[in-house]
Structures are given as C-alpha cells and as structure tokens.
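# Examination of the molecular architecture
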Amino acid sequence: MCGIVGLLVKNPSMRANIGELMMPMLIGMTERGPDSAGMAVFTAPVAGNELKYSLYAPTMDFNWQGLAHDFDAHLGSKVSLSTKGNHAILISHLETPTIKTWIKEHYPQIHMLSVGQSIDVYKDTGLPADVAARYDLPHVSGTHLVGHTRMATESAITPAHAHPFTAGRDWCLVHNGSLSNANSLRRKLQHEGIDFETDNDTEAACRFLEWRMREGDDLKTALEHGFDELDGFYTLLMGTKDQLALIRDPFACKPAVVAEHDDYVAIASEFRSLAHLPDVKNAHVFEPSPKEMYVWKV
Amino acid sequence: MESLKFDLAATPLREVNQYLHSPAAELNGKHVVIDNPNGAHNIAVGLKSDVQVTIDGHAGYYAAGMNQLASVVVTGSAGTGVAENMMSGVVHVKGFASNAAGATAQGGLLIIDGDAGLRCGISLKGADIVVGGSVGSFSAFMAQAGNLVVLGDAGEALGDSLYEARLFVRGEVKSLGADCEEKPMDDEARQILVDLLAKSGHADISPDSFKLFGSARTLYNFHVDNAGAY
C-alpha cells in the first residue's frame with residue numbers, strides 16, 4: 001500500500017498557498033504510507049541558462065555553506081543555495097555532468113534528488129507529518145505538485161527509496177502498487193546506458209518513461225508504451241514542468257480519486273485526502289478509469 | 001420519525017458505529033444522519049436493526065458492509081466494497097461506487113445511481129444490485145445467486161465463471177467472461193427485473209430494453225477433454 005496525492009492550481013491567486021492546500025492531502029494518506037514521504041513542487045522556472053538541483057544530506061547539521069564555498073573555489077562559479085536542514089536547492093548555470101561529477105568526487109554523501117528549471121524534490125523516511133515539518137512543506141509555493149506516502153513492500157526503507165523518483169529534467173513519478181518486471185526493465189534500460197540509483201521498482205518505471213520521451217515520444221505516447229511494458233499493479237502520478245498525468249493499470253488494482261474544480265485539479269488515492277480542499281463540495285469528483293490517460297495542463 | 005445527527009468532524013467514527021450497534025429495540029425506526037463522512041472507512045458497518053442511516057457526503061471503503069435490516073443512504077460516492085457481504089436491508093449510493101460494490105452480498109438491495117467500478121457484484125450470493133450507470137470489468141465474477149441490473153454498459157469479462165445469478169444489462173457489454181451467455185428473458189426473469197426497476201426508482205425504464213445473461217453451465221463439472229489444461 002502507498003498513498004499518492006497531486007494538486008494542480010488553476011487559480012493563480014492560490015499558488016502561493018499550494019503547500020498549505022496540500023498538507024491535509026499528504027497527512028490524509030498517512031495510514032496508506034507511514035514509513036516515508038516525499039513531494040515534488042513545480043515552481044516558477046529559474047533563468048533560461050540556469051538549472052536547479054535538489055540535494056539531500058544524510059545529517060541535519062550538514063555544512064552547506066562549506067559546500068557552496070568549495071563549489072566556488074573549485075569550479076570558479078558562484079552558486080545560489082537555499083537550505084532547509086539537510087536539504088538544499090542549488091542553482092547554477094554550469095553543465096549538469098560537471099556538477100554531478102564534482103559532487104560525487106567531493107561530497108559523495110550528498111544525494112541529488114532532482115534536476116530542472118522548475119522542480120524541487122523533498123523526500124525522506126518518517127511519518128508524512130514529520131517529513132513535511134522537516135522541510136517546511138506547508139510554505140512551498142508553485143503551480144502544481146506531486147506527493148507520496150510510502151508503505152514499502154518490495155525494497156528497503158531509505159531516503160533514496162522514498163518517492164517521488166526523478167529522471168532527466170523536470171520529470172517525476174510516484175507510484176502506488178508493485179511492478180513484477182522491474183528487474184528486466186532495469187536491465188534493459190541499463191543496456192541503453194541509463195544509470196540507476198536504487199533497486200526500487202518505481203525507479204525503473206520512472207526512468208523508462210523519461211527514456212521514451214528522450215527518444216522522441218510525447219507524454220501520451222510514452223504512457224502508451226508504459227501500458228505495454230509495465231507489468232504489475234500501479235497507479236502512477238507524474239509531473240512535468242507544466243503537466244500532471246495519471247494512469248491506472250488495466251485491472252484498477254490500486255485506487256485513485258480526482259476532484260476537478262474551477263480553481264484546481266486534485267488527485268489522491270482516496271477521497272479522505274480531498275475532503276478538506278476548499279469548496280470540494282462543488283468539485284466534479286470521479287474515479288479515473290483503468291488503462292486511460294489523464295493529463296492536466298497548468 | 002426520531003432523527004439524530006452525528007458530525008464526523010467532531011465525533012470519532014468508532015463512537016458513531018458503536019451507537020449504531022445499540023440494541024435493536026433502541027434503534028428501530030430511528031433516522032441517523034452522519035455529516036462530514038469525508039471518505040472515512042467502515043462507516044455504518046455491521047448494522048443489525050431497522051434503522052435509517054444517511055451518510056451525507058462521500059464514504060470511504062466498506063461503507064454499510066455486512067448490513068442487516070438497516071437502510072443506508074450515501075448521498076455522495078462510496079469507496080471500495082460498499083455493502084460487501086450485505087445480508088438484508090437496502091444500501092443506496094447516490095453518486096458512484098468504487099470497485100467490488102456488493103461483493104459476496106447474500107441478501108438485500110444495493111442501489112447505485114452512478115457508475116460502479118470493477119468487480120461489481122463479485123461472488124454475489126443472493127443480493128440484488130441495481131446500477132444506474134455502467135459497471136467496470138469482471139463484474140459478477142463467480143456470482144452464485146441474486147440479480148445484477150445494469151442500466152448502462154458492462155466492461156470486459158462480465159459474469160466470468162458464473163453460477164446461477166441473473167445479469168440484466170441495458171447497454172453494451174464489452175465482452176462476456178468464460179461460461180457466461182445471453183439467455184432468453186422468461187416471464188420469471190422479466191418479473192424480477194420489473195420489480196427491481198420499480199424498487200430502485202427506475203420504474204420508467206422498459207424491461208424490454210435489457211438483455212439477460214446467465215451461466216452456460218459448462219464449467220459445473222469436470223470435462224475429460226479439459227484434462228490437458230491441468
């Protein structure tokens with residue numbers, strides 16, 4: 001079991017409060033996923049020549065200023081760094097491989113959670129309420145977000161195994177369910193030169209779909225390939241810089257409910273997590289059909 | 001009728017359910033309204049008295065499960081397994097119902113005004129289910145007795161491995177499951193359908209617009225030609 005939540009805010013005046021709107025949604029899924037939680041928030045994009053990187057340190061008292069200082073000294077380029085405990089968002093115009101290699105060499109304990117112009121990812125082990133408090137998630141702002149509460153069934157409980165998973169730029173995926181062909185999918189993608197960070201089944205789905213889109217598929221075509229390739233139970237919720245997408249496996253083994261309102265689109269595993277949204281009584285509440293693609297644009 | 005209101009935003013669900021399990025003599029004839037259900041699981045499960053319950057909003061999993069005698073109305077939608085294993089009484093969902101609505105129900109009537117998800121009436125054992133909208137795939141899988149009436153369409157593998165339940169479908173059936181076949185509508189089946197349409201607020205719908213499906217009974221006994229499949 002796991003819980004998924006997603007929120008896309010159509011009313012621009014509500015975007016500053018997206019974190020606050022999301023909190024009861026994430027907390028509402030605690031019973032479905034009490035061991036880890038995570039969230040990807042899509043914010044206003046950084047400048048055209050820059051990218052931002054969500055970084056995770058294993059200790060709360062990690063010396064981020066020291067990292068920023070070393071970065072400047074070694075790479076000759078000033079970085080912007082905003083930190084929340086063991087989490088930091090680093091903004092730089094340097095090439096992604098340069099940054100990845102530098103972090104790997106000098107700070108191997110740092111885990112890179114996401115890369116993109118809009119995406120920030122926070123995830124960790126612990127109760128959803130604790131993880132949210134740790135990263136001050138009630139105060140994030142943005143256009144849309146994807147969240148997850150995890151009850152691990154197929155791989156270890158570590159921060160790296162928490163969802164959302166990311167691949168490429170501005171792409172994330174959360175999953176409720178389990179895939180039975182994740183190992184063969186991973187081997188196939190590794191053969192294509194794609195690196196993996198964990199043995200988690202969801203990471204395989206995440207990297208598969210991102211790989212399809214890099215190969216030229218649009219989101220819908222990639223998801224069609226997903227229906228052909230992914231074997232198992234899944235409700236998948238995905239975020240791109242301007243879209244949320246949802247699919248359920250053909251047997252609808254894992255739940256999902258959607259509330260469409262003039263001001264927002266909200267998705268959750270169960271209605272419990274939608275019940276506290278403003279004016280949800282007047283939203284169109286429905287259960288998405290199996291093997292259908294649902295895509296909402298900002 | 002004596003009416004009583006609980007607000008699930010203020011009162012724990014366990015307290016409400018415990019009240020609904022009071023001795024029948026205290027509950028019979030009462031009307032209990034439950035506000036702010038907000039998708040909570042197990043609302044009004046295991047009722048055993050002639051009480052009327054209105055769940056005013058969306059219910060979570062297993063709402064009105066194992067119901068006996070009581071009449072439960074959900075004004076919004078219901079999650080997985082609404083009225084599962086119902087024995088008697090009436091459960092009426094005014095919105096849509098998720099998967100496995102009325103699973104294994106042995107008696108009583110389940111009315112769903114909207115659509116029902118997958119596996120509606122799975123292993124039905126004698127209850128009646130009337131769905132105003134459509135039902136998802138694998139509905140009435142291994143249904144043994146009772147009646148499923150669908151005013152809309154049915155998904156894939158309707159009535160797979162069916163025993164003696166009757167399936168009435170007004171719209172399209174995407175596919176029939178193993179051993180499920182269309183049957184001629186005899187007088188008995190037609191009368192059952194007429195009664196169920198009347199009881200569920202669809203008296204205006206003509207029974208002639210339905211097709212009846214039932215078991216071809218070829219899976220009842222082992223057939224030696226199938227030995228190779230084992």
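Bear in mind the structure is a predicted one, so any value in this text is a computation, not a measurement. (Residues numbered from 1 in each chain as written. Chains lettered and ligands numbered in written order. Predicted model: local features only at pLDDT ≥ 70, side-chain atom pairs only at ≥ 80, totals over all residues.)

## What about the overall build of chain A?
Summing up its helical and strand segments, chain A has seven helices and 16 strands in all. Taken against the 2.2 N^0.38 rule, which gives 19 Å for 298 residues, the C-alpha radius of gyration of chain A at 18 Å falls within 12% of a compact globule. A total of 298 residues make up chain A; the buried ones form 47% of that total. Relative to all contacts within chain A whose residues are 6 or more apart in sequence, the contacts with residues 24 or more apart total 73%. (Helix = DSSP H or I, 4+ residues; strand = E, 2+ residues; numbered from the N terminus. Rg over C-alpha atoms; globule rule 2.2 N^0.38 Å. Buried ≥ 20, exposed ≤ 12 C-beta atoms within 10 Å, placed from the backbone. Contact = placed C-beta atoms within 7 Å.)

## Details of the overall build of chain B
On a plain count of helices and strands, chain B comes out with three helices and eleven strands. Its C-alpha atoms give chain B a radius of gyration of 18 Å, within 12% of the compact-globule value 17 Å for 230 residues. With respect to the principal axes defined by its C-alpha atoms, chain B has extents near 60 × 45 × 30 Å. Burial status across chain B gives 51% buried among its 230 residues.

## Quick word on the UniProt feature "domain: Glutamine amidotransferase type-2" (unreviewed entry) in chain A
Listed under "domain: Glutamine amidotransferase type-2" (unreviewed entry) in the UniProt record, and renumbered for this structure, are residues 2-298 of chain A. Along residues 2-298 of chain A one finds 26% helix and 32% strand; the C-alpha atoms at either end are 26 Å apart. (UniProt positions renumbered as here; feature names shortened; annotations may be inferred.)

## Quick notes on the sheet that holds strand β8 (residues 144-150) of chain A
Strand pairs in the sheet, formed through backbone hydrogen bonds, run parallel or antiparallel to each other. Residues and elements named next belong to chain A. If you trace the seven strands from one edge of the open sheet to the other, you get β7-β2-β8-β1-β14-β13-β15, paired in antiparallel fashion. Looking at which strands have only one partner, the edges of the open sheet turn out to be β7 (119-125) and β15 (284-286). Each strand axis lies, on average, 10 degrees off the axis of its neighbour in the sheet, ignoring direction. Looking at chain direction, strand β2 (residues 36-42) and β8 are connected through seven bridges and run antiparallel. Within the sheet, the bridge partner assigned to serine 36 lies in β8 and is arginine 150. Sheet contacts for helix α1 (residues 18-28): β1 (2-9), β2, β8 and β14 (264-268); angle to β1, the most-contacted strand, approximately 155 degrees. (Pairing = 2+ DSSP bridges. Axes fitted to C-alpha atoms, helices over the stretch in contact; angles between N-to-C directions.)

## Quick word on the domain arrangement of chain A
All names here are of chain A. In terms of domains, chain A is made up of domain 1 (2-45 + 122-297) and domain 2 (46-117). Taken together, the contacts link 14 residues of domain 1 with eleven residues of domain 2. Its residues assigned to classes, the side of domain 1 that touches domain 2 comprises seven nonpolar, one polar and six charged. (Domains from an automatic or database assignment. Nonpolar A, V, L, I, M, F, W, Y, C, P; charged D, E, K, R; others polar.)

## Quick word on the interface of chain A and chain B
Of the residues lining the interface, ten residues belong to chain A; the matching set on chain B comes to 14 residues. Classifying every residue of the side of chain A that touches chain B by side-chain character gives seven nonpolar, no polar and three charged.

## Here we look at the sheet that holds strand β3 (residues 52-56) of chain B
Residue and element names in this part refer to chain B. Here eleven strands make up an open sheet; going across it, the order is β1-β2-β3-β4-β5-β6-β7-β8-β9-β11-β10 and the pairing mixed. Whereas interior strands pair on both sides, the edge strands pair on one side only; in this sheet they are β1 (3-7) and β10 (180-183). For this sheet, the mean angle separating the axes of adjacent strands, direction not counted, is 15 degrees. Sheet analysis places strand β7 (residues 125-131) next to strand β8 (residues 145-150), joined by five bridges and oriented parallel. The residue of β8 that forms the bridge with valine 130 is valine 149. Along the sheet face, helix α3 (residues 187-199) touches β6 (109-112), β7, β8, β9 (166-169) and β11 (211-215) and points at about 60 degrees away from the line of β8.

## What to know about the environment of tyrosine 230 of chain B
With respect to the helices and strands, tyrosine 230 of chain B occurs in the segment after β11. When the C-alpha positions of tyrosine 230 of chain B and valine 51 of chain B are compared, they lie 50 Å apart, and in sequence the two are 179 residues distant.

## Observations regarding the packing of helix α6 (residues 201-214) of chain A against helix α7 (residues 219-229) of chain A
All names here are of chain A. Packing of α6 against α7 brings their axes to within 9 Å, and their N-to-C directions diverge by 135 degrees. One element, α6, and the other, α7, form an angle in the oblique class. Crossing hand, α6 versus α7: right-handed. Across the interface between the two elements, Phe208, Leu209, Arg212 and Met213 from α6 touch Leu219, Ala222, His225, Gly226 and Glu229 from α7. Class assignment for the residues of the contact of α6 with α7 results in five nonpolar, two polar and two charged. (Parallel < 35°, antiparallel > 145°, perpendicular 65-115°, else oblique. Left-handed = near helix turned anticlockwise from the far one by under 90°.)

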